[in-house]
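Residue-level listing of the chains:
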Amino acid sequence: MDEALAVDAAAPPEPDYPRHWEADVVASDGGVVHLRPILPGDADAVVAFHARLSEWTRYLRYFGPYPYLSPRDLERFTVVDHNARVALVAQLGEEIIAVGRYEGTYGPDGTEVVGPAEVAFVVQDDHQSRGLGSILLEHLAAAGRERGVRRFEAEVLAENSQMVRVFRDAGYQISRRFADGVLHLEFDIDPTERSMEVRDAREQRAEARSVHNLLHPRSVAVIGASTDPGKIGHAVLLHLLRCNFAGPVYPVNPQERSVRGVRAYPAVTDIPDEVDLAVVAVPAAGVGDVMGSCLTKGVKALVVLSAGFADAGPDGVSAQRRLADNARAHGMRVVGPNALGVANTAAQVRLNATLAPTLPAAGRVGFFSQSGALGITLLAAATERGLGLSTFVSAGNRADVSGNDVLQYWQTDPATDVVLLYLESFGNPRKFARLARRLARTKPIIAVKSGRWTDAPAAEALPAPIAPVDETRVQALFEHSGVIRVQNVTQMFDTALLLATQPLPTGGRVAVVSNSTALNLLVVDALNGEDLVVTGNPVDAGTAVSPEDLAAAVGAAGRADDVDALVVVFVPPLAISGTAHAVALRQAVSGLGKPVVTTFLATQGIVGEPALRGPDGQPDHRAVPSYPTPERAVAALGRAVRYSRWRSAPPGEMVRPPGIDVQGARALVDRHDGKVEHVLDDDEHVALLRCYGIEMLPFRRAHSAAETVAVATELGFPVAIKATVPQWRHRVDGAGVRLTVTTHQGARQAFADLARVSGHDEVYVQRMGPPGTSCVFALLDDPTFGSLLSFGLSGMASDLLGDRAYRPLPLSTVDAAELVREPRAAPLLSGYRGEPPARLDALEDLALRLNRLAEDLPEVRSLVLDPVLAGPDGVAVSSSRVVIGPPPTREDAGPRRLQ
């Protein structure tokens, strides 16, 4: 159809350029494209783009020959109002490689778009099959929803199978009509569960592909390769050569003819063959020139080892942003800057593009480290513990590639079974939670989160990328996502060694076998501390037990039906090394299908893992993991049991409770200026909560003793009378509240008392709620973790101890159930000491309604229900406070984009 549809004469003037529609997006082949709204200044680029299209592509798009763009059409294509007429271009460098647009019609008032908008896009021939049509459709639909468009329509030639597939596979409910060889398609553009699944699946495949390209290069250039052994450019080249990288390695050094016996080139552009990966080891001031050469050469990915960017202050932050922007604009991914590098131990790759002189043996553990400085130490520790790695990425300052990207890769990487994360901060916590939760359903994730600061002076001393973090919220994010949180690197490797070599436990019943009663007691204490159950009596096989008898005892214990895991502790006698016992133990547990952890104590000190190495002295990854102490062995087992329980538990459902009026709630919020924060008044917050099926106990304001009596009589005694000043109403000593007022005289006295203490001749009069335990729900927008819902019991003790449970949004039914049971004081809700139990299902329902409110109305910046009375008849909300304002950025909830 004709690209330029009729434009209503009453169309409003062009609004401000919508810069938030700009996005870098990963295409299906792993390359990056830049999306942005079209501008009048794009006219020449659009003409050039049109000229590069084949005749067949033009025919499919315009339904006939269309060799040239007329001046009139060119103006219509490039001059849009970003409202009823929207066009997005996809760029690679300075070239436009795809254009998508929708064209709608204004209603009688000249401001509102009415009816479906026609959508169309066209992709340059050599960039087709990269998923650009699907990307454009996602972003056009998001722009349309923002501008009030509700439906798209499209007309597609029947032979345009690729375009038909774009619409068919998008996840929308599409109506179709066919006439004269043309398909007419029409569909609502509001997100559906299916369209979100499609978006997430495409995002995963694309981002995984981009990291695959990074970790499977066919050739590597080392820019800044040096003959000086003290330079990082010399170290990384040496490590690439020593690991026998599977492809060619090209040193780049304008001063040398060769480095380490390999021919060097003055610049990357002088290399005669293609370069997939460039490792940059030049000073920060020279990275810009290097980037230009890499862009010219068509390098696909960069690993920037150089420091001096965001780690060096504000000027470095700007330079780092330019580095990432330039790389993405030309389709490249960047690891770093200030990174340790990347590695892939696969036999067909053999990549060590890091500053670590040696890598751990090949294995099935993927490792992401945000810290470059600690990376070498972490890799050395993995080698010492006998933990084999599949891939390793040290992201440094994370200008581009982050832990989220690598999680996407490991999701479908057949060479990785266990994932390790060393994190200092979160870039996009909502996306991290979503990706980690999906990955953890099939592969365990073990994470160390450093930076556990809470005091302001310490926080102020930190570099810009690191911010103080609330530990409770970190823990909530990890638990919500199924991530195994550990406190240090030692615990991380302890846990990884178990999960990489043993099956997951199916329960927490543990058998204990040792050759020492004293050691059995230590193991039992440790198991009790981990809430694990000791099955039967611990077996003491005797100090001088033979390898055969130890194996028999372990085998008998492991075959018991009421045993889910085994702990074996052995102290070799003075004249015995214990190697034969280790071999016998490995044979005894082979094929049990149950996890086994051990501690082998030598006579000359504590030695752990070496006792269970293979005959050649190297780590045997079929071996049973051994730990220096029984406590560490049991702690690792405890983490595995808790993870197994999370993984086997149903994930819950994302539900929308009945009786929700989204349109009514939206109308209430839209009454206010969205650019400033505003506290809703009494009528407004009551109406907003009612839209989500949350009813407050009836209340009114009174301004005199007589009015207080009249209102109390109208509502019905007994009543609660409260100060209107928040700092008095919410005092923990109750000084601003009078409860269970039953008489006229009591109402008059309460008014007089509260007016005197608060200094205001105004009170709230509210019907008393049913007996129950006072609780608090709060929605908050955390700058580190995004939107959170918290729950706890009211009272000074809970406030003092910080006894609150947190969950990042969105919540599933399982999340809601866990939230209201997690505070340490939660047993008070379940009939503690004979009190009637509260209806926990009513609290769960309230949590899910608040979840929907926060997801539907991002303008709600904070919401507090305090108190909520939870009793045997349900819940009653007594007080609330709602603040609305500019919505936070929720890029993870919209169309695909790199953060």
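Note that the structure is predicted; figures quoted are calculated from it, not measured.

Q: Give me the pairing of strand β17 (residues 351-354): which residues, what numbers.
A: Here β17 shows no split at all, with L351 and A353 on one side and N352 and T354 on the other all buried. Relative to β17, strand β16 (residues 341-344) runs antiparallel, the two being bridged by four bridges. Across the sheet, residue G341 finds its bridge partner in β17, namely T354. Here β16 folds back onto β17, and the loop between the two strands holds six residues, one of which, R350, carries a positive phi near 55°.

Q: Could you give an account of the sheet that holds strand β19 (residues 389-394), with specific residues and numbers?
A: Strand order across the open sheet formed by seven strands is β17-β16-β19-β18-β20-β21-β22, with mixed pairing between neighbours. Unpaired on one side and paired on the other, β17 and β22 (484-486) mark the two borders of the sheet. Strand-to-strand twist across the sheet, computed as the mean angle between neighbouring axes with direction ignored, equals 20°. Across six bridges, the pairing between strand β18 (residues 362-369) and β19 is parallel. Along β19, the bridge assignment pairs S369 with S394.

Q: Got a sec to walk through the nonpolar core? Specific residues and values, please.
A: Core analysis: the biggest nonpolar cluster contains 94 residues, and F367, L407, L420, L421 and F432 have the highest contact counts within it. Element by element, the count of residues in this core is highest for helix α19 (residues 630-648), at eight residues. The residues touching L421, leaving out its near neighbours within four places in the chain, are F368, L407, W410, F432, I445, I446, A447, V448 and M492. V686, A825, L853 and V860 belong to the second largest nonpolar core, which has 46 residues in total.

Q: How would you explain the sheet that holds strand β13 (residues 277-280) if you had to name every residue and give the values?
A: Strand order in the open sheet formed by five strands is β10-β9-β13-β14-β15, and the pairing between neighbours is parallel. For this open sheet the edge positions go to β10 (249-252) and β15 (333-335), each flanked by a neighbour on one side alone. With direction set aside, neighbouring strand axes in the sheet form an average angle of 20°. Both strand β9 (residues 220-223) and β13 contribute to a ladder of four bridges, which runs parallel. Bridged to V220 within β13 is L277. Running over the sheet, helix α7 (residues 232-242) touches β9, β10 and β13 and is turned about 160° from β9.

Q: Summarise the packing of aromatic side chains; cite the residues concerned and give the values.
A: Counted according to the given criterion, the structure contains 15 aromatic pairs. Measuring from centroid to centroid gives 6.2 Å for F152 and F187, while their planes differ by 80°, and the two rings are edge-to-face. With a gap of 35 residues between them, F152 in strand β6 (residues 151-157) and F187 in strand β8 (residues 182-188) connect regions that are remote in the sequence. Residues F152 and F187 agree in their burial class; the two are buried.

Q: Explain helix α14 (residues 471-481) to me, using residue names and the numbers behind them.
A: Among the residues of α14, R473, V474, A476, L477, F478, H480 and S481 are the ones counted as buried. Just downstream of α14 lies G482, where phi reads positive at about 80°.

Q: Which residues make up the environment of P266, and what are the values?
A: With respect to the secondary-structure elements, P266 resides in the loop between β12 (262-263) and β13. The exposure class assigned to P266 is partly exposed, which follows from its relative accessible area of 49%. When the C-alpha positions of P266 and P251 are compared, they lie 8.9 Å apart, and in sequence the two are 15 residues distant. Setting aside its immediate chain neighbours within four residues, P266 contacts V252, N253 and P254.

Q: Explain the packing of helix α16 (residues 517-529) against α19 residue by residue, including any values.
A: At their nearest, the axes of α16 and α19 sit 9 Å apart, and the two run at 35° to each other. Crossing handedness for the pair α16 and α19: right-handed. The residues of α19 that touch α16, namely those facing L522, V523, A526 and L527, are P630, E631 and V634. Classifying every residue of the contact of α16 with α19 gives six nonpolar, no polar and one charged.

Q: If you had to explain the confidence of the model for the protein chain to someone new, which residues and values would you point to?
A: Averaged over all residues, the pLDDT of the protein chain is 89; the fraction at 70 or higher stands at 92%. Long-range and interchain partners of residues 453-469, a stretch whose pLDDT sits below 50, account for 14 contacts in this model, where long-range means more than four residues apart. Every residue in residues 603-621 scores below 50 in pLDDT, and together they form 38 contacts with partners more than four places removed in sequence or on other chains.

About the criteria used
- Residues numbered from 1 in each chain as written.
- Predicted model: local features only at pLDDT ≥ 70, side-chain atom pairs only at ≥ 80, totals over all residues.
- Heavy atoms only, no water.
- Buried < 20%, exposed > 50% of the residue type's maximum accessible area, 1.4 Å probe, protein only.
- Helix = DSSP H or I, 4+ residues; strand = E, 2+ residues; numbered from the N terminus.
- Pairing = 2+ DSSP bridges.
- Axes fitted to C-alpha atoms, helices over the stretch in contact; angles between N-to-C directions.
- Core = buried A, V, L, I, M, F, W, Y, C linked by side-chain atoms within 4.5 Å.
- Contact = heavy atoms within 4.5 Å.
- Phe/Tyr/Trp six-rings, centres within 6.5 Å; stacked < 30°, edge-to-face > 60°.
- Left-handed = near helix turned anticlockwise from the far one by under 90°.
- Nonpolar A, V, L, I, M, F, W, Y, C, P; charged D, E, K, R; others polar.
- pLDDT = per-residue confidence, 0-100.

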